[in-house]
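Analysis of the macromolecular model
Next come the chains, spelled out residue by residue.
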Amino acid sequence: MDVNALMFRYLVYYPVVRARGQPVPAQLRKLLTTQYLEPSALAALQADKLRRLLEFARSRVPFYRRTLGPLAGAAGLASLSDVPPVHKQQIQSEPASFLAQERLGPITRKTTGGSTGEPMTVHKTRQAMAWELAATWRGYSWAGVRIGDRQARFWGVPIEANARRRARLVDWVANRRRCSAFAFDDRALAAYTERLKRFDPTWFYGYVSMIHEYAEFLRRTGTASPFRLDAIVTTSEVLTSAQRRSIEEVFRTRVFDEYGSGELGTVAHECEHGSLHVSAENMIVEVLDGDRPCEPNRVGELVVTELNNGAMPLIRYRTGDFAAVSATPCRCGRTLPVLENVYGRAYDALRNRHGRVFHAEFMMYIFEEAQRRNLGIRAFQVVQEAPGAFRIRVVADARYGPATEAFVAQRIRDGFDAQACIRFERVDRIERLASGKKQLIVGMGNRPEAVLA
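Residues numbered from 1 in each chain as written. Predicted model: local features only at pLDDT ≥ 70, side-chain atom pairs only at ≥ 80, totals over all residues. Heavy atoms only, no water.

**Quick notes on helix 9 (residues 208-220)**
For helix 9, which comprises 13 residues, the first-to-last C-alpha distance of 18 Å matches the rise-based estimate of 18 Å (1.5 Å per residue) to within 8%. Taken as a whole, helix 9 has its buried residues at V208, M210, I211, Y214, A215, F217 and L218. Buried residues belonging to helix 9 abut strand 3 (151-155), strand 4 (176-180), helix 8 (186-199), strand 5 (203-207), strand 6 (231-235) and helix 10 (241-251). G222 occupies a position one or two residues after helix 9 and carries a positive phi of about 70°. (Helix = DSSP H or I, 4+ residues; strand = E, 2+ residues; numbered from the N terminus. Expected span 1.5 Å × (residues − 1). Buried < 20%, exposed > 50% of the residue type's maximum accessible area, 1.4 Å probe, protein only. Contact = heavy atoms within 4.5 Å.)

Spelled out as structure tokens, the structure:
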């Protein structure tokens, strides 16, 4: 029995979420049951939530008041196809029209660049956040992880001082230690090892490329992993089979992948049999080719309806990521839909003139802050042309100007290279790769051909 984990679970985490009006433990217990529902019962649960969401959105949300017909939702899940999909540009252009015109209690605001490089702020109710957290912890439970277990988090560090303080507080409540994915080299990785040895984590969580880089550092230096890990959960990037194999060999434990987005929260988690199960009680996931549904096992764009959030409903939201829904049930017995062939995020690591490595989220954080400051960036791509030189391609709106460029350039120089040369280029759109991915951060070692979206 891990006394430390029990203490944080019952004396820290549970009281904090209860004080915030987020009944995470109760909702987690429900999700651990509903994951085994018969498909018809799961569909009925979704249909009931969808009906109530559409009724609320049609009456309280300006955008949906204009676009939803009077019978929307009456026919259950089948009626969803009558709702026009929405995309980030629509929400960016008129964000107030997607907000409920009714006070729904305390609201959480999340700003994210997402996998498509189009920063957006989402408003969520406390209940919606609780369902999101409960689904996340359920996914981690498939890897043998429980609330309160000691986590080493390989993640970004917020730029703003207030955000950094809040991140430290959240890290403490969640019983985790953060290892910055920004500006690390071999010396930093060695320091992370010593720090984590004192903390003795039971699981790792973080960016695929960062954890893989750490594994390769230990392999390269002939250092045996000093950690006894129950699991490693990777996220934010596509996990290749080679990366999975390398990480598992070095840390002598199983890797479980996660797929999600800042706007929607956790979307799917990998179970013990290797299937990526959708959090279907919280959302409806469609796979579309344009506006047409794809057959099972055929790759298309993921379009998601989040079922719990009245503050800012996202109904048939185009994620910009691609995947297929498997037609084969998982051997684990869970009836939740299974995603396969997920792709969409294509990040490169960046290396400065002094050899320090920065995860691409370093740049994402800068553009998320620019979004919060309303500096007029609708979409972006960062191309590293030399160790100290960047070309930044920007899709701008009327608020964009010299102050925007000065802000972004200064943030890069403050954190990456004080002498960095930064060139801005205004464009009409950001190209996709031939695979369909949008490569937002292009490091010096990756110059693939692209096609227009």
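**Here's the deal with the packing of aromatic side chains**
As enumerated under the stated definition, the model contains 27 aromatic pairs in all. Measuring from centroid to centroid gives 5.2 Å for Y10 and Y14, while their planes differ by 85°, and the two rings are edge-to-face. One end of the pair, Y10, and the other, Y14, are both in helix 1 (residues 3-19), four residues apart, so they sit about a helical turn from each other. Lying across the ring of W155, R153 places its NZ or CZ 4.9 Å from the centre. In this structure, R254 is placed above the aromatic ring of F256, and the distance from its NZ or CZ to the ring centre is 4.6 Å. (Phe/Tyr/Trp six-rings, centres within 6.5 Å; stacked < 30°, edge-to-face > 60°. Lys NZ or Arg CZ within 6 Å of the ring centre and 35° of its normal.)

**Focus: the side chain of T193**
When you line up the elements, T193 lands in helix 8. With relative accessibility at 6%, the residue T193 sits in the buried group. There is a polar contact of 2.6 Å between the side chain of T193 and the side chain of Y214. Leaving out residues up to four positions away in the same chain, T193 has contacts with Y214, F217, L218, P226 and F227. (Polar contact = N/O pair within 3.5 Å; in protein donor to acceptor, adjacent residues only side chain to side chain.)

**Regarding helix 6 (residues 126-141)**
Look at helix 6: 22 Å from first C-alpha to last across 16 residues, which is about the 22 Å you get at 1.5 Å a residue. With 13 of its 16 residues buried, helix 6 lies for the most part within the structure.

**Quick word on the pattern of salt bridges**
Per the counting criterion, the structure on display carries 35 salt bridges. Put simply, R60 and E102 hold a salt bridge, and the shortest N to O gap is 1.9 Å. With R60 in helix 3 (residues 39-60) and E102 in the loop between helix 5 (88-93) and strand 1 (107-112), this pair connects stretches of sequence that are 42 residues apart. Note on R60: relative accessible area 32%, which makes it partly exposed. Here E301 and R318 are joined by a salt bridge, their closest N and O atoms 2.9 Å apart. A residue pair is termed long-range when its members are at least 10 positions apart, and E301 in strand 12 (residues 300-306) and R318 in strand 13 (residues 317-325) qualify at 17 residues. The class of E301 is buried, set by a relative accessible area of 13%. Ionic contacts of the salt-bridge type, sharing partners, join the residues D2, R150, D200 and R228 into one network. (Salt bridge = Lys/Arg side-chain N within 4 Å of Asp/Glu carboxyl O.)

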